[in-house]
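Working through the structure, step by step
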Amino acid sequence: MTDEATRAARLLEAQAKAAELFAAIEDRSLVAAGEGERAVSDRIRDLANEMFGKTRHWHKRVVRSGPNTLLPYRENPPDRVIGADDIVFADFGPLFEEWEADFGRTFVLGDDPVKHRLRDDLPRIFAAGRRTFEAAPDITGQQLYAEVERLAADAGWTLGGWHAGHLVGEFPHETIDGADVESYVAPGNDTPLRRTDRAGRRCHWILEIHLVDHEHGFGGFHEQLLDLG
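Residues numbered from 1 in each chain as written. Predicted model: local features only at pLDDT ≥ 70, side-chain atom pairs only at ≥ 80, totals over all residues. Heavy atoms only, no water.

Looking now at the environment of Thr158. Considering the arrangement of structural elements, one finds Thr158 in strand β6 (residues 158–159). Sequence spacing of Thr158 and Phe218 is 60 residues, and the spatial spacing of their C-alpha atoms is 11 Å. Not counting chain neighbours up to four residues away, the residues in contact with Thr158 comprise His210, Leu211 and Val212. (Helix = DSSP H or I, 4+ residues; strand = E, 2+ residues; numbered from the N terminus. Contact = heavy atoms within 4.5 Å.)

Here you go:
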């Protein structure tokens, strides 16, 4: 079994590569008006292969724009062409040497101030959620979800999904079952996030912030490691 220090280092290395990929997405302007969501997703996949060799992904690749950004992960909306004054998010789960990354960021095209405010609130609310986690050694999944929900409401947004994060680790990590709420930062998970899994390994977590504005018809997304980094 890999020791805990090595596990943490490998997860951080995987995330650093995902962050490098997303920086390249922006540098190469892959998220652009007139492009279809699926085409952008395929170009990001090809870019990951170019940068890191043949890259597998442990969950479906997600690129959503406009009203599609309101929908939670499990939905599969029809392909949409990105507009000139649009908001877009990308959610990718690349595998690097069998270690999982899960990384999401939001891009805004144009000058819409509400879209820009939402994009800028995403990392701020993520950071506040992480501070809550760091300050409470015995915090449970449902307690952290409630705090993220409060932070979102205070900023004028609504959470877009039933959970705000999940387990992450070696691939395949401990099965994430939709019926197993203990695998999620979610209402009903009254177990501490700082615990070991069934194999005796320390649990590591992704915190994901999906903010939506139903009045204006769009949302945004931001995710990365919660307990490391």
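Looking now at helix α3 (residues 113–135). Helical geometry: 3.6 residues make up each α-helical turn, so side chains three or four residues apart lie on a common side. Here α3 contains 23 residues, and its C-alpha end-to-end distance of 33 Å stays within 8% of the 33 Å for a straight helix at 1.5 Å per residue. Of the positions making up α3, those classed as buried are Lys115, Leu118, Asp121, Leu122, Ile125, Phe126, Ala128, Gly129, Arg130 and Phe133. You can read the cap of α3 off the contacts: a side-chain oxygen lies 2.8 Å from the backbone nitrogen of Val114, and it is on Asp112. (Expected span 1.5 Å × (residues − 1). Buried < 20%, exposed > 50% of the residue type's maximum accessible area, 1.4 Å probe, protein only. Polar contact = N/O pair within 3.5 Å; in protein donor to acceptor, adjacent residues only side chain to side chain.)

Time to look at the pattern of salt bridges. Going through the model one piece at a time under the given rule, you end up with 17 salt bridges. In this structure, Glu147 engages Arg150 in a salt bridge whose closest nitrogen and oxygen atoms are separated by 2.7 Å. In this pair, Glu147 and Arg150 both sit in helix α4 (residues 141–154), three residues apart, roughly one turn of the helix. Arg150 sits in the partly exposed class, given a relative accessible area of 39%. Counted as one network, the salt bridges with shared partners bring together Asp42, Arg45, Asp46 and Arg61. (Salt bridge = Lys/Arg side-chain N within 4 Å of Asp/Glu carboxyl O.)

This paragraph deals with the nonpolar core. Counting residues in each nonpolar core, the largest one holds 29 residues, and the members touching the most others are Leu21, Phe22, Ile25, Val31, Ile44, Val63 and Ala90. Listed by contribution, the elements that provide at least two residues to this core are α1 (4–27), α2 (37–52), β2 (87–92) and β5 (103–108). In terms of residues, this core owes the most to one element, α1, which gives eight residues. Discounting chain neighbours no more than four positions away, the residues touching Phe22 are Ala90, Phe92, Phe103, Gly104, Arg105 and Phe107. In this structure, Ile125, Phe133, Ala155 and Ala164 belong to the second largest nonpolar core, which totals 28 residues. (Core = buried A, V, L, I, M, F, W, Y, C linked by side-chain atoms within 4.5 Å.)

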